[in-house]
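One-letter residues, chain by chain:
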Amino acid sequence: MEFSTINLILVNVEDNFKFHGRRRLLALELKKKGIVNKQIIKSIESVPRHLFVDPGLSEQAYVDKALPIESNQTISQPYTVAFQTQLLNPVSGEKILEIGTGSGYQTSILCFLKTDVYTIERNHNLFRSTTKLFNRLNINPVRFKYGDGYKGLIDDSPFDGILITAGSQNVPEDLLKQLKVGGRMVVPIGKKIQVMTKITRISINDFKKETFGNFKFVPMLKEKD
Ligand code: SAH
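Residue numbers here run from 1 along each chain, matching the order of that chain's written sequence. Where local features are concerned, this predicted model is filtered to residues with pLDDT of at least 70; where side-chain atom pairs are given and counted, the filter is 80 or more; whole-chain, interface and lining totals use all residues. Neither water nor hydrogens contribute to the side-chain values; these are computed over all heavy atoms in the structure.

**Some points on the nonpolar core**
And then number 1: Note on terminology: a nonpolar core comprises buried Ala, Val, Leu, Ile, Met, Phe, Trp, Tyr and Cys residues joined through side-chain atoms within 4.5 Å. Here the term buried applies to any residue with accessible area under 20% of the maximum for its type, exposed to any over 50%, and partly exposed to those in between, with areas from a 1.4 Å probe on protein chains only. The biggest cluster of nonpolar side chains holds 44 residues, and the ones touching the most others in it are Leu30, Ile35, Ile44, Phe52 and Tyr105.
And then number 2: Those elements that provide at least two residues to this core are α2 (17-32), α3 (38-46), α4 (78-88), α5 (105-112) and α6 (124-137).
And then number 3: By definition, residues are in contact when any of their heavy atoms lie within 4.5 Å. Residues within four places of Ile44 in sequence aside, it is in contact with Arg23, Leu26, Ala27, Leu30, Pro78, Ala82, Tyr105 and Ile109.
And then number 4: Ranked by size, the runner-up nonpolar core spans 19 residues in total, among them Leu153, Phe159, Ala166 and Val171. Each helix corresponds to a stretch of at least 4 residues labelled H or I by DSSP, and each strand to a stretch of at least 2 residues labelled E; elements are numbered beginning at the N terminus.

**Comments concerning the site of the ligand**
And then number 1: If a single non-hydrogen atom of a residue is within 4 Å of a molecule or strand, that residue counts as near it. The immediate surroundings of the ligand are formed by 27 residues, with Gly100, Ser103, Glu121, Gly149 and Leu221 found nearest.
And then number 2: Arg122 is positioned with one of its backbone polar atoms (N or O) 3.3 Å from a nitrogen atom of the ligand.
And then number 3: By the criterion applied in these results, polar contacts are pairs of N or O atoms within 3.5 Å in which, for protein atoms, one can donate a hydrogen and the other can accept it, and in which residues neighboring in sequence qualify only through two side-chain atoms. At 3.1 Å, a side-chain N or O of Thr165 approaches a nitrogen atom of the ligand.
And then number 4: In these tables, accessible area is a Shrake-Rupley quantity obtained with a 1.4 Å probe, and a residue counts as shielded only by the protein chains included in the view. When isolated, the ligand has an accessible area of 580 Å², and the protein chains bury 99% of it.
And then number 5: Charged residues are taken to be Asp, Glu, Lys and Arg, nonpolar residues to be Ala, Val, Leu, Ile, Met, Phe, Trp, Tyr, Cys and Pro, and polar residues to be all remaining types, Gly included. Taken together, the residues that form the shell around the ligand break down as eleven nonpolar, twelve polar and four charged.

**A short note on the packing of α3 against α5**
And then number 1: Here an angle of 0 to 180 degrees is reported between the N-to-C directions of two axes, which are lines fitted to C-alpha atoms, with helices fitted over the stretch in contact. Contact pair α3 / α5: the axes reach a minimum separation of 9 Å and the direction vectors enclose 125°. What the angle tells us is that α3 and α5 run oblique. Viewed along their axes, α3 and α5 form a crossing whose handedness is right-handed. Each of Gln39, Lys42, Ser43, Ile44 and Ser46 in α3 lies in contact with α5, whose residues at this interface are Tyr105, Ile109 and Phe112. Note that the term roughly parallel is reserved for angles under 35 degrees, roughly antiparallel for angles over 145, roughly perpendicular for angles of 65 to 115, and oblique for everything else. Should the near helix be turned anticlockwise from the far one by less than a right angle, the crossing is left-handed, and should it be turned clockwise, the crossing is right-handed.

**Quick notes on the side chain of Arg23**
And then number 1: The topology assignment puts Arg23 in helix α2.
And then number 2: Here the side chain of Arg23 touches Asp15 through a polar contact of 2.7 Å, side chain to side chain.
And then number 3: Leaving out residues up to four positions away in the same chain, Arg23 has contacts with Asp15, Ile44, Glu45, Ser46, Val47, Pro48, His50 and Tyr62.

Listed below in structure tokens is the structure:
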């Protein structure tokens, strides 16, 4: 993540050694839980998750659990963020589409990894407050769109990676078409419980599907709010 001088000052005020220490412990915990990608561990150590939750919850920001954010949504558990990112395996400079911006934490992890991030949020309250937060912290996705993620971003496609951070009942077919050949989609699929699924486009018409255990997400909903 790149900060201008002004933002550096702001972050220094809002961040401190206590939170930094907790981030390091959280990163260690995620390593023990199987996150091996060093850059992802570094991103967990670096992105100040406590700034993405309500100030009243900042003391819980480095416990490995999901927390409530606005409009009955959640900021994903840090392990889930790291696990999904590890499956996506983004390389610096790749074009990544995220569906479900929410608090913007996962977006910031992807920005930290120096990918070109496109992100879509369907809930207008969240879109507004996360836009403000991105400006305040100088986090710069290439595009932050208010809209229905099921439709993706045809004009900006194809993508190297598509990361879906809400539970989808089926494979979102329209989004598969927006993957490059060699591109990966990571999507939790299911109604009450979701199976973490990675779909790789191996040729124009062929896709490889792999599954990685059960997770629990808020639902991916149709249309805008
Ligand atoms: N990545 C987020 C997780 C937020 S929870 C974070 O790090 O905080 C999932 C988010 O997906 C919610 O904000 C919800 O409003 C959003 N969402 C659900 N369905 C969607 C859709 N069809 N298009 C875009 N966003 C959607």
